[in-house]
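Structure assessment
In case you want the letters, here they are:
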Amino acid sequence: MNEVLTLKNVTKSFHQKTAVDDISFTIGKGEVVAILGPNGAGKTTTISMILGLFKPSAGEVRIFNHLPQEKQVREKIGTMLQEVSVMPGLKVQEILELIRSYYPHPLPMSELISLTGLTGEELKTRAEKLSGGQKRRLSFALALAGNPELIIFDEPTVGMDISSRSRFWQTVDSFAAQGKTIIFSTHYLQEADDVADRILLFKDGTIVADGTPAQIKSQIAKPSVSFIVDPETSLEKLYLHTEIDDIYRKNNRVYVQSSNTDRVLELIFQEKLAVRDIQIERGKLEEVYEELTRGTKEAV
Amino acid sequence: MKIFQMQCKMEIVRVLRNRYFVFWSLVMPILFYYIFTNVVNTNPQDEAAWQAHYLMSMTVFSVMGSSMMTLGIRMVQERLQGWSTFMRITPLSDSVYFAAQMVGQSVIHLFSITIIFIAGALINNIALTAIEWVMSGLWILLGSLPFLAIGTLIGLMKKVETAAGVSNVLYMVLAVSGGLWMPLEIMPKVMQNVAQWLPSYHYGNGVWEIVRGGAPEWKNILLLVTYLVLFMVLSKYIRRKQEVA
Ligand SMILES: Nc1ncnc2c1ncn2[C@@H]1O[C@H](COP(=O)(O)OP(=O)(O)O)[C@@H](O)[C@H]1O
Ligand SMILES: [Mg+2]
């Protein structure tokens, strides 16, 4: 694998508060990775360290085998921060030209203009006069101005409506298809599942799961067998089997959690339990996410 | 180099588009100049000398103001709005960015000096030698450095309102007590003594000497350089403290 980004035992503390706690991962060329987690999980802090805006309190960050602050790294990364900002006093077109001029191999101006989706008239207005949505598209174009190999977005779709969101991801897809590495953070599970081919699931500053959406499901979302059973019936016998991880009741149904659902069925028949309406459920990622993020302290 | 030129050009464009700059640094000084040399009768003994003196006062007033305010307030704005953060991620180095802002400001100052000199010359028909015009312009350009350093200090403030408020008050106090609005000679003795320690007085005095046919005093240069070093050291110290926090 062609390594683009490596974090090794990275920790970031602000005074007493540990925002990111000893995380490690490596991202290879061409991966599309979602940093998924609820508010306050440490996504922005992690991204800030990757971008060299914060120094880790411990551990190290390497991009293309260099420190994030180095110029040769900066020439290869593009970013859109959580707080979108534009340079006041300059017209849209001027800002695009200015930022392009910083990079050795920028994207053509015409391509950047089409990324902003702004009309000729709007290109001549001062950036500070744009609407929130237009500013976001401008900052998207700025992120790509240098034709970066690694693109990093912090919560890029917050505040976008459904159609701009899908247009945004279509564009990102086209960059992913060119082999660019893309890292984005989100607190929408659906988005991570749809867009990313790898999810880093954050909770309270640690990575609680790392893998493809499917792997995460099998890693932590345990399949279960559920059925309806007369409350009088004793389920004692099932508890004796070590293959079964958990048994609980929810909405009139009994759920038997196990990674080997075939074995659970076998046991049910073996013990001749009077159950009906048996269903087998693959773990749902939504439930895992909810489960994992339940009780997480909200960000201030 | 191309990056640097582009950056300077954009910095200049930004300042010129700033309505406050145009008003405070060009319109106001010229208006004041017109009023105090043509409308209000100040009865100077030597009319021509007074007109040249006051033209220099107003040019110094203009350049001092844009050094302290334009740069400082913009630095605070850019930091608060997150633009500085974005710039840190681009390959443009901090020092090039900073240098471009300084050069951009200086070009702007050259522009202000030229405009105000021309306006003054047209309004009152001031007769200075070519050398005197050039030396005056140069003095005002170089003498702005300690005030640019004050600008970077103001740029370290946390809020735009504080930065704007503090720089405005400082600007007015320095201008009035440095003798830029009215000659020190007509002010109380205490004020005259205080002025001897102010950078604004020495900034003005250098160029007043030039249009009087002399040269800036050593004391003028010494004090301005001392202030420049002082403000730069202070600015660096505060920035380091802020980074640690
Ligand atoms: N500059 C800071 N000073 C103190 N605490 C911070 C700072 N930045 C973030 N935190 C804290 O660190 C935790 C993680 O924050 P953040 O990385 O912004 O989370 P996310 O982006 O996932 O919402 C939060 O509890 C937040 O309050
Ligand atoms: Mg965040």
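Going along each chain's sequence as written, the residues are numbered from 1 onward. As a convention, the first chain written is A and the first ligand written is 1, with the rest following in written order. Local features in this predicted model are restricted to residues whose pLDDT is 70 or higher, and side-chain atom pairs enter the listing and the counts only when it is 80 or higher, whereas totals over whole chains, interfaces and linings include all residues. Values shown for side chains rest on all heavy atoms present in the structure; no hydrogens or waters enter the calculation.

Here's the deal with the nonpolar core
- Working definition of a nonpolar core: buried Ala, Val, Leu, Ile, Met, Phe, Trp, Tyr and Cys residues. They are joined through side-chain atoms within 4.5 Å. Burial here depends on accessible area, computed with a 1.4 Å probe over protein chains only, as a share of the maximum for the residue type. Under 20% is buried, over 50% is exposed, and the range in between is partly exposed. In this structure, A:Ile99, A:Phe153, A:Ile182, A:Phe184 and B:Trp83 are the most contacted members of the largest nonpolar core, which totals 55 residues.
- What counts as a helix is a DSSP run of H or I of at least four residues, what counts as a strand is a run of E of at least two, and both are numbered from the N terminus. The biggest single contributor to this core is helix α6 (residues 132-144) of chain A, with six residues.
- The contact definition used throughout considers only heavy atoms, calling two residues in contact when any of these lie within 4.5 Å. Among residues more than four places away in sequence, those in contact with A:Phe153 are A:Ile47, A:Met80, A:Phe140, A:Ala143, A:Phe168, A:Val172, A:Ile182, A:Ile183, A:Phe184 and A:Ser185.
- Listed in part, the 52 residues of the second largest apolar core include B:Trp50, B:Phe117, B:Val207 and B:Leu224.

Focus on the coordination of the magnesium ion (ligand 2)
Residues and elements named next belong to chain A.
- Because no water is among the atoms considered, metal sites can look incomplete, with donors defined as N, O and S atoms within 2.8 Å of the metal, or 3.2 Å for Na, K and Ca. Surrounding the magnesium ion (ligand 2) are the protein donor atoms Thr44 (OG1) and Gln82 (OE1), which sit 2.0 to 2.5 Å from the metal. Highlighted residues: Thr44 in helix α1 (residues 43-50) and Gln82 in the loop between β5 (77-80) and α3 (92-100), separated in sequence by 38 residues.
- According to the relative accessible area criterion, Thr44 is partly exposed, its value standing at 31%.

Let's talk about the domain arrangement of chain A
- Each assigned domain of chain A is listed here: domain 1 (3-217) and domain 2 (222-281).
- Using C-alpha coordinates to define each centre, domain 1 of chain A is positioned 45 Å away from domain 2 of chain A. Domain ranges listed in this record stem from an automatic or a database domain assignment.

Points about the interface of chain A and chain B
- Facing 27 residues of chain A, the contacting portion of chain B comprises 20 residues.
- Once two parts are brought into contact, the accessible area they lose, counted with a 1.4 Å probe and summed over both, makes up the buried area. Buried area between chain A and chain B, summed over both chains or domains, comes out near 2300 Å², and the portion from carbon and sulfur atoms is 68%.
- The largest share of the area that chain A buries against chain B comes from A:Leu53, A:Met87 and A:Tyr102, three residues that together contribute 27% of it.
- The salt bridge criterion pairs a side-chain nitrogen of Lys or Arg with a carboxyl oxygen of Asp or Glu, the two atoms within 4 Å. For the pair chain A and chain B, the interface holds one salt bridge.
- One salt bridge in this structure joins A:Glu94 and B:Arg17, with 2.9 Å as the shortest N-O distance.
- Within 3.5 Å is the distance limit for a polar contact, defined as a pair of N or O atoms, with the added protein rule that one can donate a hydrogen and the other accept it, and that residues adjacent in sequence qualify only through two side-chain atoms. At the junction of chain A and chain B, the tally comes to nine residue pairs in polar contact (both at pLDDT 80 or more).
- Those elements giving two or more residues to the side of chain A that touches chain B turn out to be α2 (71-74), β5 and α3 of chain A.

Concerning the sheet that holds strand β4 (residues 58-63) of chain A
Residue and element names in this part refer to chain A.
- At least two DSSP bridges between two strands are required for those strands to pair. The three strands are arranged β2-β1-β4 in an open sheet whose pairing can be described as antiparallel. With partners counted over all chains shown, the strands left at the sheet margins are β2 (17-28) and β4, one partner each. The average undirected angle you get between the axes of adjacent strands in this sheet is 15 degrees.
- Relative to β2, strand β1 (residues 3-14) runs antiparallel, the two sharing eight bridges. Within β2, the position partnered with Lys12 by the bridge is Val20.
- Across the sheet, α1 lies against β1, β2 and β4, angled at about 120 degrees from β1, the strand it touches most. Axis angles are defined between N-to-C directions and span 0 to 180 degrees, where every axis is a line fitted to C-alpha atoms and, for a helix, only to the segment in contact.

Examining the sheet that holds strand β12 (residues 253-257) of chain A
Residues and elements named next belong to chain A.
- If you walk across this open sheet you meet the four strands as β11-β12-β10-β13, and the pairing is antiparallel. Where the open sheet ends on each side, the last strands, each with one partner, are β11 (246-250) and β13 (275-281). Looking at each pair of strands side by side, their axes are set apart by 25 degrees on average, direction ignored.
- Bridging between strand β10 (residues 224-229) and β13 involves five bridges; their strand directions are antiparallel. Paired with Ser226 across the bridge in β13 is Gln279.
- The strands that helix α11 (residues 261-270) touches are β10, β12 and β13; relative to β10, the one it contacts most, it runs at about 30 degrees.

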